[in-house]
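Architecture and fold: a report
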Amino acid sequence: MAMVSDSMTLLNFSMLLLTILMSSLATTTWADFNTDAEITWGDGRAKILDAGRALDLSLDQYSGSGFQSKNEYLFGRFDMQLKLVPGNSAGTVTTFFLSSQGAGHDEIDFEFLGNATGEPYTVHTNVYAQGKGNKEQQFQLWFDPTATFHTYSIVWNQQRIIFMVDNIPMRVFNNYESIGIPFPKNQPMRVYCSLWNADDWATQGGRVKTDWTKAPFVASYRNFNINGCVSGSTCGSQSTDSFNTQAWQTQGLDANGRNRLRWVQQKHMVYNYCNDRPRFPQGFSEECKRTRF
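Described below are features of the structure shown in this document.

The rules behind these values
- Residues numbered from 1 in each chain as written.
- Predicted model: local features only at pLDDT ≥ 70, side-chain atom pairs only at ≥ 80, totals over all residues.
- Heavy atoms only, no water.
- Disulfide = S-S within 2.5 Å.
- Helix = DSSP H or I, 4+ residues; strand = E, 2+ residues; numbered from the N terminus.
- Salt bridge = Lys/Arg side-chain N within 4 Å of Asp/Glu carboxyl O.
- Buried < 20%, exposed > 50% of the residue type's maximum accessible area, 1.4 Å probe, protein only.
- Contact = heavy atoms within 4.5 Å.
- Pairing = 2+ DSSP bridges.
- Axes fitted to C-alpha atoms, helices over the stretch in contact; angles between N-to-C directions.

The next thing to look at is the state of the cysteines. This model, assessed by the stated rule, comprises one disulfide. The residue that forms a disulfide with Cys 274 is Cys 288, at a sulfur-sulfur distance of 1.9 Å. A torsion of -75 degrees about the S-S bond marks the disulfide between Cys 274 and Cys 288 as left-handed. One end of the pair, Cys 274, is in the segment after β15 (269-272); the other, Cys 288, is in the segment after β15, and 14 residues separate them in sequence.

Structure (structure tokens):
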């Protein structure tokens, strides 16, 4: 037992070092918030900084704020570095997600649910296809997401959706249309980010309310990067070598990625819809019986 404990401690330490390394090595060509995004609400509470490289969202008792990508995309890889609201963030929700609009919409969610000082954030993930969700998985991170920036990524291709933190996979949602499970693949989606008050449900089921004496609350975004198919383009059908080399198009998990996913889900998952029998007494959705990879 001591050897198992020592091994898990070493694995935890190794994963923490990998998180720090991947965050520090995240260098690529970033989008410009001035030209690639637009602030959509907040009445001045959202501010573009650092010549378009960064954007802060703020929340007070009167309003939150948000922005969206100017383009819509049909598949791609979407990266955002975030530093979440520090201190007592109870009641607040910081988001980074993809969504189409209208009835029967598709959506791929990262939501970060705040908590009282010293308590961990909850990372809430969900997938909607044709207006139907109920695919929630929740996690608590293995680092302080308010101390520095970390990279949160959504890989969306025709085979699967991968949620990642600093390139470490935390969740895979596979395309199981073959067994009747809807999968988002036909509706272009924009990137949306927001900071808003949800103290009726966000923290400990709504038991802990937002402390407005701590306002304004600020969440920071930077190094926004999209590598995907802009809606209306023909990139998804092109046969050029340059496009065929885009890794996200067929990205899955190799053996190392599967091991990382196991570690995250065994150690840091706090809710899985596939295990919630009181919520789904009629039985779990069919994808719950298939591989998580």
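From this point, things continue past the structure.
Opposite charge on two side chains makes pairing possible when the charged atoms of those side chains draw close. Evaluation of the coordinates by the stated rule reveals seven salt bridges. Arg 53 is the salt-bridge partner of Asp 50, the closest N and O atoms lying 3.4 Å from each other. Judged by its relative accessible area of 35%, Arg 53 is partly exposed.

Turning next to the environment of Pro 182. As for its position among the elements, Pro 182 is in the loop between β12 (168-174) and β13 (190-197). Given the relative accessible area of 27%, Pro 182 is considered partly exposed. Considering only alpha carbons, one finds Pro 182 and Gln 130, 52 residues apart in sequence, at a separation of 7.0 Å. Ignoring sequence-local partners within four residues, the contact set of Pro 182 consists of Ala 129, Gln 130 and Phe 173.

Read from one edge of the open sheet, seven strands run β2-β3-β14-β5-β10-β11-β12, paired in antiparallel fashion. Each having just a single partner strand, β2 (46-49) and β12 make up the two edges of the open sheet. Mean inter-strand twist for the sheet, computed between neighbouring axes without regard to direction, equals 20 degrees. Pairing of strand β5 (residues 73-83) with strand β10 (residues 150-156), which is carried by seven bridges, proceeds in the antiparallel orientation. Note on β10: the bridge partner recorded for Met 80 is Tyr 152.

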